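Analysis of the macromolecular model
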Amino acid sequence: MSDPNINPYASQTVNLEDDPRAGELASRWTRLWAALIDALINMAYAIPLAFAFGTMQLAMKGQTPSFGTTLLLACLGFLCFVAIHGYLLKTKGQTVGKSLLGIRIVSTSDQPVPLAQLLLRRYLPISVVAIIPVVGGILTVIDVLFIFRDDKRCIHDLIADTKVVNAA
C-alpha cells in the first residue's frame, strides 16, 4: 500500500530554482506573447468601457471623443490595469501574461522593483503617451521596437531602469 503523503510523480517535477535559464533576459518572442496575453486581458475591460462612455460609437462614426472623456477612460483603464495586475506586479514583478509565460520584471541590478516604480515609471508614461492622438500610436510602436536592441529593453524599461528575465 502506498503512502498518501508521498508524491509518486516527485521524480518528474522540476525545481525552478535550479533552472539554469532563471535570471537570463527573456526572449523577444516570450515577451511578445506575454504582451499579447495582457493586451487581450486589457481589451476585456477597455472595450466595455469604450461602449459605456460612447467613445466606441464615436469612433464608428469617424469622430474623436473629447479630451476629458479620453482622459477619464485612460484613468479608468489604468485603475483596471492595476486592479488586475497589481498584486502580481507587487509580489512577483509579473503581469498575468508574464506569469503565464514564466518571465518577470526586475531592476537592471537584478533586484525586485517596487510597485510604485513599476506603475509610475514603467507603465504610466507609456499610457499617457498612448492617448495622444496619432502621435501616441506611433510612439508606442517605437517603444516596442526598442526590444530589438542588444539588451532587449524597450523605452519603458529604460525609463524605469528595468529588464525582463526568465523567472526562477
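Report follows, based on the coordinates. Remember, it's a predicted structure, so these values are computed and weren't measured experimentally.

Considering the overall build of the protein chain
- Scanning the protein chain from terminus to terminus reveals seven helices and two strands.
- Each helix and strand of the protein chain, placed in order from N terminus to C terminus, yields the pattern α-α-α-α-β-α-α-α-β.
- By the burial criterion, 28% of the 168 residues in the protein chain qualify as buried.
- Counting contacts in the protein chain only where the partners sit at least 6 residues apart, residues at least 24 apart contribute 67% of the total.
- About 10600 Å² of surface is accessible on the protein chain, with carbon and sulfur atoms providing 67% of the total.

Description of the packing of helix H5 (residues 115-130) against helix H6 (residues 135-145)
- At a minimum axis separation of 7 Å, H5 and H6 run at an interaxial angle of 145°. Between H5 and H6, the residues in contact are Ile126, Val129 and Ala130 and Gly136, Leu139, Thr140 and Asp143, respectively.
- Taken together, the residues of the contact of H5 with H6 break down into four nonpolar, two polar and one charged.

Structural notes on the nonpolar core
- Grouped together as the largest cluster of nonpolar side chains are 15 residues, with contacts concentrated most on Phe81, Leu89, Ile105 and Tyr123.
- Going through the elements one at a time, helix H1 (28-52), helix H3 (67-92), strand S1 (103-107) and H5 are the ones with two or more residues in this core.
- Ranked by the residues each element gives to this core, the list is headed by H3, at four residues.

Considerations on the packing of aromatic side chains
- Using the criterion set out here, one finds two aromatic pairs in the structure.
- Aromatic pair phenylalanine 78 and phenylalanine 81: ring centres 6.2 Å apart, planes at 25°, arrangement stacked. Taken as a pair, phenylalanine 78 and phenylalanine 81 lie in helix H3 at a separation of three residues, close to a single helical turn.
- According to the relative accessible area criterion, phenylalanine 81 is buried, its value standing at 9%.

Some points on H5
- Along its 16 residues, H5 runs 21 Å from first to last C-alpha, staying within 8% of the 22 Å computed at 1.5 Å per residue.
- At leucine 124, H5 shows its maximal bend, which comes to roughly 40°, and the proline proline 125 appears one to four places after that position.
- Along H5, the residues classified as buried are Leu118, Leu119, Arg122, Tyr123 and Ile126.

Rules used in this analysis
Residues numbered from 1 in each chain as written. Predicted model: local features only at pLDDT ≥ 70, side-chain atom pairs only at ≥ 80, totals over all residues. Heavy atoms only, no water. Helix = DSSP H or I, 4+ residues; strand = E, 2+ residues; numbered from the N terminus. Buried < 20%, exposed > 50% of the residue type's maximum accessible area, 1.4 Å probe, protein only. Contact = heavy atoms within 4.5 Å. Areas by Shrake-Rupley, 256 points an atom, 1.4 Å probe, with all protein chains shown as cover. Axes fitted to C-alpha atoms, helices over the stretch in contact; angles between N-to-C directions. Nonpolar A, V, L, I, M, F, W, Y, C, P; charged D, E, K, R; others polar. Core = buried A, V, L, I, M, F, W, Y, C linked by side-chain atoms within 4.5 Å. Phe/Tyr/Trp six-rings, centres within 6.5 Å; stacked < 30°, edge-to-face > 60°. Expected span 1.5 Å × (residues − 1). Bend = angle between axes of the 7 residues up to and from the residue.

By themselves, these figures tell us nothing about what the structure is for.
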